Amino acid sequence: MEPLNEPNIELQQKNFNEAIKRWGARSFREIQREIFKLRIGVSGDGSASLNWKAYQRYNTVDRIQFKFDKHMVYVHKGVGRGWPISRVRANADAWSASSGKKGRVPKPWFNNVIEKNLQDLANTAAKHKAEIAAKRLMIK
């Protein structure tokens, strides 16, 4: 009788964790590129405040956290002292470099990157979790 190929769930769990961490690192680099592309932060402080971390619970990555300074949210939305969101929305359509109007313009540096990469994260999680769940259903 041939020995049963015992599914190595620990190895598959490790592969899942590595895939999610790779997604986090790739998204982090893309966010940094977006910050530099939009020229956020005169001294580069926008990118310097950005960091990410993967958290594990029961040896499974269950959360990825991106941290950045609070002012980066204001830059993303184009708001600040004297510039509430209503004023930004009213001026955003009329503002252009050639119009000569002064004002703040939203610089969306975070949401675009995450939305672009979210489907890849969902596919990775579904693939790995389905394999792990299927292997756990076997009679041992």
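The shown structure was predicted, so the numbers you read here are calculated from the model rather than taken from an experiment.

Parameters at a glance
- Residues numbered from 1 in each chain as written.
- Predicted model: local features only at pLDDT ≥ 70, side-chain atom pairs only at ≥ 80, totals over all residues.
- Heavy atoms only, no water.
- Salt bridge = Lys/Arg side-chain N within 4 Å of Asp/Glu carboxyl O.
- Helix = DSSP H or I, 4+ residues; strand = E, 2+ residues; numbered from the N terminus.
- Buried < 20%, exposed > 50% of the residue type's maximum accessible area, 1.4 Å probe, protein only.
- Core = buried A, V, L, I, M, F, W, Y, C linked by side-chain atoms within 4.5 Å.
- Contact = heavy atoms within 4.5 Å.
- pLDDT = per-residue confidence, 0-100.
- Phe/Tyr/Trp six-rings, centres within 6.5 Å; stacked < 30°, edge-to-face > 60°.
- Lys NZ or Arg CZ within 6 Å of the ring centre and 35° of its normal.

As enumerated under the stated definition, the model contains five salt bridges in all. A salt bridge links Glu-18 to Lys-14; the nearest nitrogen and oxygen atoms lie 4.0 Å apart. Placement of the pair is Glu-18 and Lys-14 together in helix α1 (residues 9–37), with a separation of four residues, close to one helical turn. Among the ionic pairs, Lys-37 bridges to Glu-34, the shortest N-O distance being 3.5 Å. Residue Lys-37 and its partner Glu-34 are both found in helix α1; the two are separated by three residues, about one turn of the helix. Since its relative accessible area comes to 15%, Glu-34 is described here as buried.

Here Asn-51 lies in strand β1 (residues 51–57). For the pair Asn-51 and Phe-68, spaced 17 residues apart in sequence, the C-alpha to C-alpha distance is 6.5 Å.

On to the nonpolar core. With 12 residues, the main nonpolar core is built from Trp-23, Phe-28, Ile-31, Ile-35, Ile-40, Leu-50, Phe-66, Met-72, Trp-109, Phe-110, Val-113 and Ile-114. For this core, the elements supplying multiple residues, two or more each, are α1 and α5 (111–136). Broken down by element, the residue count for this core peaks at four residues, all from α1. Setting aside its immediate chain neighbours within four residues, Ile-31 contacts Leu-50, Phe-66, Trp-109, Phe-110, Val-113 and Ile-114.

A word on the confidence of the model for the protein. This prediction gives the protein a mean pLDDT of 80; 75% of its residues lie at or above 70. Here helix α4 (residues 85–92) stands out as the least confident element of the protein, with mean pLDDT 68; β1 is the most confident, with 94.

A full pass over the atoms with the stated rule returns four aromatic pairs. Their ring planes at 70° and their centres at 5.5 Å tell us that Trp-109 and Phe-110 sit as a pair that is edge-to-face. Look at Phe-110 and you get buried, because its relative accessible area is 18%. Members of the aromatic cluster, connected to one another through ring pairs, are Phe-66, Phe-68, Trp-109 and Phe-110. The ring of Tyr-55 carries Arg-63 above its face, with NZ or CZ at 4.0 Å from the centroid. Above the ring of Phe-16, the side-chain terminus of Lys-129 is found at 4.6 Å from the ring centroid.

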